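Now for the letters of each chain:
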Amino acid sequence: MPPPSPAPPLPDEDHELRDVHVLDPAAMEGLEGVSESVSLFVEERDTEEIDEPVRSMVVEWVNDCAIPHRMTEVLRPHQLEGCHLILRSLQEDHGCLIAHEMGLGKTLTVLAALDCYQRAHPGLQVLLVCPLSLLHQWHHEVLVKWSELLQLCVYASVTGDTAFTQESMRTNWRRSGGIYMMGPDMFKKLAPTLKAVMDEASVVVVDEAHLVKNPETEIYAALNEMPTSRYVLLTGTPLQNNLLEYYHMLQLSSPGLLGCDVREFNRTYGQPIDAGLQADSTRRQRRWAATRIMQLRMLVSSVMDDQPASLLRDAGLGVKREFKVICTAPHIEREGGSITEKHSVHDKVREKKVAQVIELIDAIRAGAPSDGIVVFCSRVDTLKQLATERKGADDRIYTGNLKLHERQQLLQAFDESGGSPILYIGTKVGGVGLNLTRGNRVILVDPSWNPVDDNQAVSRCYRMGQAKDVYVYRMVANFTIEERIYKMGVHKFVLASRVREDKNFEALYAEFTMESDVPSLKAAELQQMDPLLV
């Protein structure tokens, strides 16, 4: 006779358990009128064994806020973690910073948290300030993409609305709550009125919060005067140029957390960390910088959820390969050991780059005819020259001169195109918030002084929803100011990566100098380093 099966072990410290409640399905919609619930301890992995009728009622609780199972089924682990932080921060009457890397789904993370919070606090007023180009995306996420998951009321204020329309939206928002969305300019205009109708329980959400990092700006001052302490700041790049920007964002979301004024913060953290991250830093300076970085990360951990780009790979995305394309125009040389940049030099470089970009596009279309191509450039005249010289029937150009509905139509046409469509787009206007996963070949025609602008542009394509490997080509002109821009970008990248992700310092320079320098773009050479073109 076989021995009896051993009894299951009692939970101990090695078991990660959570409190799971089974609710009356009729009460799930609003969670009002719940008279009783059965409380069960269930191991995380065991929830897969629960019968489907019961699974639909499973809820996670964050104090008085419930996260229904239908939501935890959709949210990825890092999104659920961010949702928990937002709910805890709102319940504790302070703000937080959601610093998930670009492409990790911050929008859904925040909307899920707000949906859960407003169910426990009916009539909640949420003010959302974001770049004007992202209003449509936020609106679409609530009312179309996640309409079956979320139950949120949305008001979108845009330029051109009549005074009557504006007043009607504010009246309904004041009475019933919901999310009131607007761009920065509209917010600055309406700030005094909004301040008068909001209360301490209101929530302010700021998307692309790195754009409000300067306390001297009008929008920062207006945000700081709202009558609430509940600020949810979203950014994929909390640290762009220096640690003082980091300080000012945290002061907006969680004032007093850092326990010092800006000068003391700079002496305690900014200067030691910057000194230890230089290429010629001493061993002692690097050790001291590492200590200060660790202390800073521990200090902000309770109000900041920082998720790295490596999660994109964990989410099933393919490889991202980057190349630095060296462009040397004829008759451009280094004079007297200094880098010179003149109009004649710029014209020569532009002509060379335009020719190289066209050559690269032709090679991609010949070797990978189903890959979408996105060309980013800071100069509109260069984009127009590319579009004119290529004369492609399916080439599209996206600039800031387009009206909002024209932008949406153009992006939809690019997304639905077959073959190898090409999109020429301004780095500034197209580098924030857009979803361009139809493209997996990214060409950066000119480097930006702020490397975050270029990285944000790449993240329009390399993000959740991208089904292919992504190839990035960064074009740098030798013997010009672009060399200096590129090297300064290396230092800024090192600073951000070391503070945010605690990456190994020695490996960062190798990572940022890409996989390969490409002195020319002959098709045969390109095929050797680019497997998809073989």
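In what follows, the structure referred to is the one given above.
Residues numbered from 1 in each chain as written. Predicted model: local features only at pLDDT ≥ 70, side-chain atom pairs only at ≥ 80, totals over all residues. Heavy atoms only, no water.

Here we look at the overall build of the chain
Scanning the chain from terminus to terminus reveals 20 helices and 18 strands. Here the chain holds 534 residues, and the buried ones make up 51% of them. The long-range fraction of contacts in the chain, counting pairs at least 24 apart against all pairs at least 6 apart in sequence, stands at 76%. A total accessible area of about 25000 Å² is found for the chain, and carbon and sulfur atoms account for 52% of it. (Helix = DSSP H or I, 4+ residues; strand = E, 2+ residues; numbered from the N terminus. Buried < 20%, exposed > 50% of the residue type's maximum accessible area, 1.4 Å probe, protein only. Contact = heavy atoms within 4.5 Å. Areas by Shrake-Rupley, 256 points an atom, 1.4 Å probe, with all protein chains shown as cover.)

Overview of the nonpolar core
Core analysis: the biggest nonpolar cluster contains 44 residues, and Leu 127, Phe 187, Leu 194, Leu 223 and Met 226 have the highest contact counts within it. One finds Leu 85, Ile 98, Leu 128 and Val 203 within the second-largest nonpolar core, a separate group that totals 39 residues. (Core = buried A, V, L, I, M, F, W, Y, C linked by side-chain atoms within 4.5 Å.)

Observations concerning the packing of helix H3 (residues 77–91) against helix H4 (residues 106–120)
One way to put it is that H3 packs onto H4 with a least axis distance of 9 Å and a crossing angle of 45 degrees. With respect to each other, H3 and H4 are oriented oblique. Remark: the crossing between H3 and H4 carries right-handed chirality. In this structure, H3 uses Gln 79, Gly 82, Cys 83, Ile 86, Leu 87, Leu 90 and Gln 91 to contact H4, whose residues at the interface are Leu 108, Thr 109, Val 110, Ala 112, Ala 113, Cys 116 and Tyr 117. When the residues that make up the contact of H3 with H4 are grouped by side-chain class, the tally is 10 nonpolar, 4 polar and no charged. (Axes fitted to C-alpha atoms, helices over the stretch in contact; angles between N-to-C directions. Parallel < 35°, antiparallel > 145°, perpendicular 65-115°, else oblique. Left-handed = near helix turned anticlockwise from the far one by under 90°. Nonpolar A, V, L, I, M, F, W, Y, C, P; charged D, E, K, R; others polar.)

Structural notes on the packing of helix H9 (residues 243–253) against helix H10 (residues 262–276)
Any two packed helices are characterised by how steeply their axes cross, that is the angle between the axes, and by the distance between the axes. Viewed as axis vectors pointing N to C, H9 and H10 meet at an angle of 140 degrees, and their least axial separation amounts to 9 Å. Classed by the angle they form, the pair H9 and H10 counts as oblique. Crossing angle aside, the handedness with which H9 passes H10 is right-handed. From H9, Leu 243, Leu 244, Tyr 247 and His 248 reach across to H10, where they touch Val 262, Phe 265, Asn 266, Tyr 269, Gly 270 and Ile 273. Partitioning the contact of H9 with H10 into residue classes produces 7 nonpolar, 3 polar and no charged.

Side note on the pattern of salt bridges
As enumerated under the stated definition, the model contains 13 salt bridges in all. Between Arg 119 and Asp 115 there is a salt bridge whose closest N-O contact spans 2.9 Å. Of this pair, Arg 119 and Asp 115 are both found in helix H4, 4 residues apart, which corresponds to roughly one turn of the helix. The exposure classification of Arg 119 matches that of Asp 115, with both residues buried. The salt bridge partner of Lys 145 is Glu 141, with a shortest N-O separation of 4.0 Å. Highlighted residues: Lys 145 and Glu 141, both in helix H5 (residues 135–145), separated by 4 residues, approximately one helical turn. Linked by salt bridges that have partners in common, Lys 320, Glu 322 and Arg 474 make up one network. (Salt bridge = Lys/Arg side-chain N within 4 Å of Asp/Glu carboxyl O.)

Structural notes on the packing of aromatic side chains
Taken as a whole, this structure holds 4 aromatic pairs when the rule is applied. Here the aromatic rings of Trp 173 and Tyr 180 are separated by 5.2 Å at their centres, their planes lie at 55 degrees, and the arrangement is tilted. Its relative accessible area of 0% is what places Trp 173 among the buried residues. Judged by its relative accessible area of 0%, Tyr 180 falls in the buried class. Among the aromatic residues, ring-to-ring pairing joins Tyr 247, Phe 265 and Tyr 269 into one connected group. Over the face of the ring belonging to Tyr 269 we find Arg 292, whose NZ or CZ atom lies 5.8 Å from the ring centre. (Phe/Tyr/Trp six-rings, centres within 6.5 Å; stacked < 30°, edge-to-face > 60°. Lys NZ or Arg CZ within 6 Å of the ring centre and 35° of its normal.)

Here's the deal with unusual backbone geometry
Phi is positive for Asn 63, which is not a glycine, with a value near 55 degrees. Along the chain, the position of Asn 63 falls in the loop between strand S3 (58–62) and strand S4 (65–68). Judged by its relative accessible area of 59%, Asn 63 falls in the exposed class. Positive phi is not limited to glycine here, since Glu 208 has a value of about 55 degrees. The topology assignment puts Glu 208 in the loop between strand S9 (203–206) and helix H8 (218–224).

Digging into helix H7 (residues 184–197)
One turn of an α-helix holds 3.6 residues; hence residues three or four places apart share an orientation. With 14 residues, H7 should cover 20 Å at 1.5 Å per step; its first-to-last C-alpha distance of 18 Å lies within 8% of that length. Along its length, H7 reaches its greatest deviation from straightness, about 65 degrees, at Leu 190, and the proline Pro 192 lies no more than four positions downstream. Within the sequence span of H7, burial applies to Met 186, Phe 187, Leu 190, Ala 191, Leu 194 and Val 197. Turning to H7, the residues buried within the fold contact strand S6 (125–129), strand S7 (154–157), helix H6 (163–176), strand S8 (178–182) and H8. (Expected span 1.5 Å × (residues − 1). Bend = angle between axes of the 7 residues up to and from the residue.)

Some remarks on the pairing of strand S17 (residues 470–477)
Of all 8 residues making up S17, 8 are buried, and the element is well covered by its neighbours. In this sheet, S17 lies alongside strand S12 (residues 320–327) in parallel orientation, the contact comprising 8 bridges. Residue pairing across strands places Glu 322 opposite Val 472, the latter belonging to S17. Across 4 bridges, strand S16 (residues 439–444) lies against S17 in parallel orientation. Residue pairing for S17: Arg 441 is matched across the bridge by Tyr 471. Tracing the backbone out of S16, into helix H17 (residues 451–459) and back to the parallel element S17 gives a crossover that is right-handed. (Pairing = 2+ DSSP bridges. Right-handed = clockwise from strand over helix to strand, strands pointing away.)

Without other data, these values stay purely geometric and don't point to any function.
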